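# Geometric and topological summary
Now for the letters of each chain:
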Amino acid sequence: MTVVQFNPLTSTVSPSLWHALTKLKIDVLKLSQDTVPISASYSAGRTVTDRETGTDVPLPSTLTVAGEAFEATTTLPSHSVSALGVLKNFNTIEEFKAADKQALFNDVAQEIWNSIKSSPDPSKDLSRFLLITFADLKKYKFYYWFAFPAFISKPAWEIEESGWQTAEDNLGRGALESIFTSAQSLGGSSTPAFFLARPSSIPSEYETAPLGQYATFFANTAQSSRIVAFLDPSAHPQHPGWPLRNALFYISYLHSLSPHSAQPLRLSVLCLRDSELPGPEKPWKSRFGIVSLPLAPGASAPLEEGGARPAAVGWEKNTLGKLAPRMADLAPMMDPTQLADQAV
Amino acid sequence: MHAIQSHYWAVRDYLSPVLRESKFKEHGRITPDEFVAAGDFLAYKFPVWSWEKGEASKAKEYLPADKQYLVTRGVPCLRRATSLAYTDADEDAEQLLSVGPEFGTQGKEDEWVQTHSGRTTTDNAANPGDIDEIPDDDFVHEHGASGLSRGVANMSIGGSGGHVEAPTPDLDDIPDMEEEGLEEAEDDAAAAPTVIEAKDVEVARGNLLQVRTYDVMITYDKYYQTPRIWLLGYDENGVPLTPPQIFQDVSADHALKTVTIEAFPHSATLQAASVHPCKHASVMKKVIERMNTSVVEEQRKAVGGKPATSPSSDPSKRSKWLGGVVRKVTGGSSSGTPTSPTPTASSSAPGGGEAGLEDVEGMRVDFYLVVFLKFIASIVPTIEVDSTTAF
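Let me sum up the structure you'll find in this document. The shown structure was predicted, so the numbers you read here are calculated from the model rather than taken from an experiment. Each chain has its residues counted from 1, following the order in which its sequence is written. Each chain takes a letter, starting from A, and each ligand takes a number, starting from 1, following the order in which they are written. Restriction of local features to residues with pLDDT of at least 70 applies here, the model being predicted, together with a cutoff of 80 or more for giving and counting side-chain atom pairs; totals for whole chains, interfaces and linings are based on all residues. Note that the side-chain values use all heavy atoms of the structure and ignore hydrogens as well as water.

For the rest of this paragraph, the subject is helix α1 (residues 15-29) of chain A. Residue and element names in this part refer to chain A. Burial classification: accessible surface area is computed with a 1.4 Å probe over protein chains only, and a residue below 20% of its type maximum counts as buried, one above 50% as exposed, and the rest as partly exposed. By the criteria applied, helices consist of DSSP H or I runs no shorter than four residues and strands consist of E runs no shorter than two, each listed in order from the N terminus. The element α1 is extensively covered by neighbouring structure, given that 11 of its 15 residues are classed as buried. All buried positions along α1 are accounted for by P15, S16, L17, W18, H19, A20, L21, T22, L24, K25 and L29. Backbone geometry just downstream of α1 places K30 in the positive-phi region, at approximately 50°.

And the structure:
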């Protein structure tokens, strides 16, 4: 049994967001440093086939923030799910540096925790994020730092020795198709970020339900048949994506409240990495694993209702792998003098 | 200077009339309605493409408010086009590539030449780290170091050549803000920080894989009456690419000539790399003609007694192709016959089999953008904009 390791989310910020932020800063925010709500999206991790070598290259999905992130209603790109967050822009680089980042991080973590504790379906809050920025409008440089808070589960979730395997081998094509189509109708027209699946009364057919219905939906389902599925932005064969972390934490929280909390918890996890039904000749890219939560030594219930907010992690590392902000230098794309040099 | 030029283009664009008449077979140009129809078809057939409305203040009135331009995000770009420099020796490696049954045609005549297949990139294997090479250097060296000619060389292309090296984001500029104490809690459950495992990104035949992603937009250019492609690139860490970096992904024939950084028409401030559309119409005309010609030949064979042995499962689509040729041959095409299909017709296009030989419609304008993407793929060979090959 090894600890489940999650592939951290990374961010991709469209240059149009910086244009939108510039506009927002000048026209609306001015000197205000209040947080503003912001939306982003991510999709399933992909593998692309290299045309030259024929090998498959994993291409994880990133949390993409587009230019219309500040608008109240945004159209999601196809096959994507939305993630909500807050943006806090600082007026000076000194304030940006000196900011109490842990407090800001904790605020977002607290919101996720509140949602886990009290919301009937916390799905949309499980992938909340924080973005702090400093916009150097004169130099067209934007300093930014994302955080994707995820709660640390104690004890940690473990994966069976067999590791993560292809979902096709474990569940079979028919079952996957059934889960996929059922999930699509569950999420309107696209796959929801998280959902539950169990075998239905019809053989080889599956039913799905929102994550929030965990207790009722799985009430009469054997542990071995319980499937927790999520849209997986990771493309790594052995590491599921970051969003699963809070989903599993939510389930462990529910488990700790249930009368069976003294028993260990065991679940099947489906990492959905197919955004559409693959063709008849093409394999499914989704992964499948059986994870379990060992009992915490000394304590029968790892979490208690109304207890303190558990510790969370999730600051994005910069391009050098350090815990530090990133910078987008848009001078080559925005500075009139540099653009003039490009002109033919 | 550039600003003046941009304003001139804006005025010219404003004054030029909206194309009303369907001309796509004669000139390779399309009307806004046809752009919408072709876009609807593209978005229907390949859902990675979707319509965007853009900024309301920049909306073009000749396009529907919610269908201003097409966008697809996160298009992978595995290696740099500069590592694909195409030489005569590579000609042997050219492969005929079938356009595929979605056009309802089969046979040798419809095959495209795929120029970059299976080449051994030996020179790159010798020095694998050489991806960032700047082709302009050779020019300067070859033309000697004598003051004047070098100065001239720098004048003409050096503005870009000198630029290529400079503006990679200077990491020193980022204030040292690493925060050690930020995450005290030990975290076993986070995977190693490698976004892509090293073993997965193998050094493929001497070419280092640097997976970039692109946001690709297709707008309608009113002046040239063609679609226009726009590129926004990100490196493997999600950092926006600088123009010189983007030019690495453009084939050498086109970088800095037809691909330039321009103001994106649906945003007040955004700048993006764009393929200049001045030659689009003539290239598209050639491609479309070529396809029609091949159908003529097939048709003659069919008329000569042999039944059409196309394995295409959709004979109606085929008859539309033939129909287009018939009308072209009989010269009835330039009289403004109503060809622009409505968006609803286009959305049913892939399966719509109502038309017989009498109902001549020609090459559906819906295919325009599919063909257009194949053309664009030749300009940016390593950016996988042409998702249509998957079919």
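Among the buried residues, those of types Ala, Val, Leu, Ile, Met, Phe, Trp, Tyr and Cys that are joined through side-chain atoms within 4.5 Å form a nonpolar core. Counting residues in each nonpolar core, the largest one holds 88 residues, and the members touching the most others are W18, L63, I116, F129, F146 and V291 of chain A. An automatic or database domain assignment provides the domain bounds reported here. Inspection of this core shows a minimum of three residues originating in each of domain 1 (2-150 + 309-342) and domain 2 (158-293) of chain A. Setting aside anything within four residues of it in sequence, one finds W18 of chain A in contact with V13, T133, F142, Y144, A328 and L330 of chain A. Counting residues in each nonpolar core, the second largest holds 61 residues, with F46, F367, Y368 and V385 of chain B among its members. In what follows, a contact means two residues having at least one pair of non-hydrogen atoms within 4.5 Å.

Tracing the backbone through its elements, the reader meets K101 of chain A in helix α3 (residues 101-118). Here F96 of chain A takes part through its backbone oxygen, which lies 3.1 Å from a polar atom of the side chain of K101 of chain A. In protein, a polar contact means a hydrogen-donor-capable atom and an acceptor-capable atom, both N or O and within 3.5 Å, with residues adjacent in sequence counting only if both atoms are side-chain atoms; elsewhere, any N or O pair within 3.5 Å suffices.

Next up on the list: a nonpolar patch on the surface. Residues V11, Y14 and L15 of chain B make up a contiguous nonpolar surface patch of roughly 380 Å² in combined accessible area. Here V11 of chain B is to be found in helix α1 (residues 2-15). Patches in this entry comprise residues that are over 30% relatively accessible and not in a salt bridge; like charges within 9 Å are linked, as are nonpolar side chains (Val, Leu, Ile, Met, Phe, Trp, Tyr) within 5 Å. To measure how exposed things are, a 1.4 Å probe is used in the Shrake-Rupley method; for residues, cover is taken only from the protein chains shown. For this analysis, a salt bridge means a side-chain nitrogen from Lys or Arg found within 4 Å of a carboxyl oxygen belonging to Asp or Glu.

This part is about the side chain of H236 of chain A. Within the element layout of this structure, H236 of chain A appears in the loop between β14 (227-231) and α7 (243-257). Polar side-chain contacts of H236 of chain A include one of 3.4 Å to the backbone nitrogen of H239 of chain A.

What follows is about the pattern of salt bridges. In this structure the tally under the stated criterion is 17 salt bridges over all chains. Across the salt bridge formed by E52 of chain B and R73 of chain B, the nearest N and O atoms sit 3.4 Å from each other. In this pair, E52 of chain B is assigned in strand β1 (residues 50-52) and R73 of chain B in strand β2 (residues 69-77), connecting sequence segments 21 residues apart. Taking the shortest distance from any N to any O, the salt bridge between R73 of chain B and D215 of chain B comes out at 3.7 Å. Here R73 of chain B is found in strand β2, whereas its partner D215 of chain B is found in strand β5 (residues 212-221), with 142 residues between them in sequence. For R73 of chain B, a relative accessible area of 25% translates into the label partly exposed. Through salt bridges with shared partners, a single network forms among E111, K124, D125 and R128 of chain A.

As far as function goes, none of this settles anything; it's purely spatial.
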